[in-house]
Amino acid sequence: MSMKIIGTGSALPTKKLENEELTKLVDTSDEWIRERTGIGARHISTGETVADLAADACRKALENAGREASEVELLLVATCSPETEIPCTACQVQKMLGAGNAVAFDLNAACSGFLFALNTVYAYLTAGIYRNALIAGTEVLSKIIDWTDRGTCILFGDGAGAVMVEQCVEGGMMGFVQHSDGSKGNVLACGSRKLENPWFLEKDFVPYVRMDGREVFSFAVRQVPASIEEALGKSGITVDDVDLFVLHQANRRIIESIAQRLKADISKFPINLDRVGNMSSAAIPVLLDELNSQGKLIPGMTLVLSGFGAGLTYGACVIKW
């Protein structure tokens, strides 16, 4: 028993924020941003919520899969930027879709969120607990970004991607690995809500994303290739057998460095961060949907998905399309 992706969908906010507009907020330039990150633009919410975007992406994934919301048995949403602590985003999306037969809950592994959600669903489906699932990665990161911090505000965008998956006998998921290193979690962090009650008031609270870019870069170019090779080993194949590496879209330099370490052709690493920036848990499913809608995912192709981010969390999986 395995699991295959049968439909994809994505949704982006209407507003597109070009690098040039950021020069009015911080000391930067289009050339400076592109040279260091590869990013040229990103989409920013002007009212669209994490749940709105997820529901839109899920509807498209259902349509692409030829399935109805009432058929969904498990609805899992990966996000690190929900509007509400309770109810969870997945339950809000369930209501919007009319997916009343689904079990719904959220998962937070930051930029690795979609990958970890996909692996979680794989465990449910191969155990025979559910037959299908709808998985969304969705973020409105613009509300947790300090727009005076040049080191972070140039990087992130808002958006959502989703996939519909179901049990299969052949093909599908071939192998996966996932890891965490909480000892280094401080290199990429964001406060949620400060502790304030009649007995205590938290001081020096920072409600915005803070990142040590050099540490994150070093972590990514070291651990991502290692996790990909580990997943390939579990799948019984090599780098040369992979048709496409669908990686988390954080930084072009990171992706190029990973390709070099794997000794893989950079043409096998599709990139869309130049148009959408880093969308955390939404990055991989949005890129998957772009590739799918462009007819670039052909049945029988071997894909590697790999994510990395705050936690620190990272991992990879191998999928036969």
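Definitions and cut-offs
- Residues numbered from 1 in each chain as written.
- Predicted model: local features only at pLDDT ≥ 70, side-chain atom pairs only at ≥ 80, totals over all residues.
- Heavy atoms only, no water.
- Salt bridge = Lys/Arg side-chain N within 4 Å of Asp/Glu carboxyl O.
- Helix = DSSP H or I, 4+ residues; strand = E, 2+ residues; numbered from the N terminus.
- Expected span 1.5 Å × (residues − 1).
- Buried < 20%, exposed > 50% of the residue type's maximum accessible area, 1.4 Å probe, protein only.
- Contact = heavy atoms within 4.5 Å.
- Phe/Tyr/Trp six-rings, centres within 6.5 Å; stacked < 30°, edge-to-face > 60°.
- Lys NZ or Arg CZ within 6 Å of the ring centre and 35° of its normal.
- Axes fitted to C-alpha atoms, helices over the stretch in contact; angles between N-to-C directions.
- Parallel < 35°, antiparallel > 145°, perpendicular 65-115°, else oblique.
- Left-handed = near helix turned anticlockwise from the far one by under 90°.
- Nonpolar A, V, L, I, M, F, W, Y, C, P; charged D, E, K, R; others polar.
- Pairing = 2+ DSSP bridges.

K.L.:
Explanation requested: the pattern of salt bridges in the structure shown.
P.N.:
Opposite charge on two side chains allows them to pair when their charged atoms are near. Scanning the model with the defined rule gives 10 salt bridges in all. Of the charged contacts in the structure, one is a salt bridge between glutamate 35 and arginine 36, with a shortest N-O distance of 3.9 Å. One salt bridge in this structure joins arginine 210 and aspartate 149, with 4.0 Å as the shortest N-O distance. Here aspartate 149 lies in the loop between strand E6 (132-139) and helix H6 (150-153) and arginine 210 lies in strand E12 (residues 210-211), a separation of 61 residues in the sequence.

K.L.:
Help me understand helix H3 (residues 50-65), please; the structure alone is not making it clear to me.
P.N.:
Its 16 residues place the ends of H3 22 Å apart at the C-alpha level, agreeing with the 22 Å of an ideal helix rising 1.5 Å per residue. For H3, the complete set of buried residues consists of Val50, Ala51, Leu53, Ala54, Ala55, Ala57, Cys58, Ala61, Leu62 and Ala65. Here the buried face of H3 lies against strand E1 (2-11), strand E4 (74-78), helix H4 (89-97), E6 and strand E7 (159-168). Glycine 66 lies just past H3 and shows a positive phi near 70°.

K.L.:
Where do I start with the packing of aromatic side chains in this structure?
P.N.:
In this description, a pair of aromatic rings is defined by centroid distance and the angle of the planes. Counted under the stated rule, the structure contains five aromatic pairs. Ring centres 5.7 Å apart and planes at 80° place the aromatic pair tyrosine 122 and phenylalanine 176 in the edge-to-face group. Taken together, the residues span a long stretch of sequence, with tyrosine 122 in helix H5 (residues 113-126) and phenylalanine 176 in strand E8 (residues 172-180) at a distance of 54 residues. We classify tyrosine 122 as buried; its relative accessible area is 19%. When the centroid spacing of 5.5 Å and the interplanar angle of 45° are considered together, the rings of tyrosine 124 and tyrosine 130 count as tilted. Over the ring of tryptophan 32 we find arginine 150; its NZ or CZ atom is 4.2 Å from the centre of that ring.

K.L.:
Is there a simple way to think about the packing of helix H7 (residues 213-235) against helix H8 (residues 252-262) in this case?
P.N.:
Axis angle and axis distance: for two packed helices, these are the angle between their axes and the distance between the axes, and together they describe the pair. Remark: H7 packs on H8, axes separated minimally by 9 Å, with the N-to-C direction vectors making an angle of 45°. Classified by the interaxial angle, the pair formed by H7 and H8 is oblique. Crossing of H7 against H8: the hand is right-handed. Contacts between H7 and H8 involve Phe217, Ala220, Val221, Arg222, Val224, Pro225, Ile228 and Glu229 from the former and Arg253, Ile254, Ser257, Ile258, Arg261 and Leu262 from the latter. Of the residues in the contact of H7 with H8, the class split is nine nonpolar, one polar and four charged.

K.L.:
How do you make sense of the sheet that holds E4 when you look at a structure like this?
P.N.:
One open sheet holds the five strands; their spatial order is E1-E7-E6-E4-E5, and the pairing between them is mixed. Every interior strand has two partners, whereas the edge strands, E1 and strand E5 (103-107), have only one. Strand after strand, the sheet turns through a mean of 20° between neighbouring axes, direction not considered. Strands E1, E4, E6 and E7 of the sheet are contacted by H3, whose axis makes an angle of about 125° with E1. Sheet strands in contact with helix H10 (residues 283-293) are E1, E6 and E7, and its direction is about 90° off that of E1.

K.L.:
Would you explain the environment of alanine 11 in this entry?
P.N.:
The residue alanine 11 is located in strand E1 in this model. Along the primary structure alanine 11 and proline 299 are separated by 288 residues, whereas in three dimensions their C-alpha atoms are 24 Å apart. Those residues in contact with alanine 11 that lie beyond four places of it in its chain are Leu53, Asp56, Ala57, Lys60, Gly159 and Ala160.

K.L.:
What should I look at first to understand unusual backbone geometry in this one?
P.N.:
Excluding glycine, residues mostly carry a negative phi; peptide bonds, for their part, are mostly trans. Note the cis peptide between isoleucine 86 and proline 87, where omega equals 0°. Relative to the assigned elements, proline 87 resides in the loop between E4 and H4. With an omega of -5°, the peptide bond between glycine 311 and leucine 312 qualifies as cis. In this structure, leucine 312 sits in the loop between strand E14 (302-309) and strand E15 (313-320). Of note, aspartate 204 is a non-glycine position whose phi angle comes to about 55°, a positive value. One non-glycine residue, lysine 263, lies in positive phi territory at about 55°.

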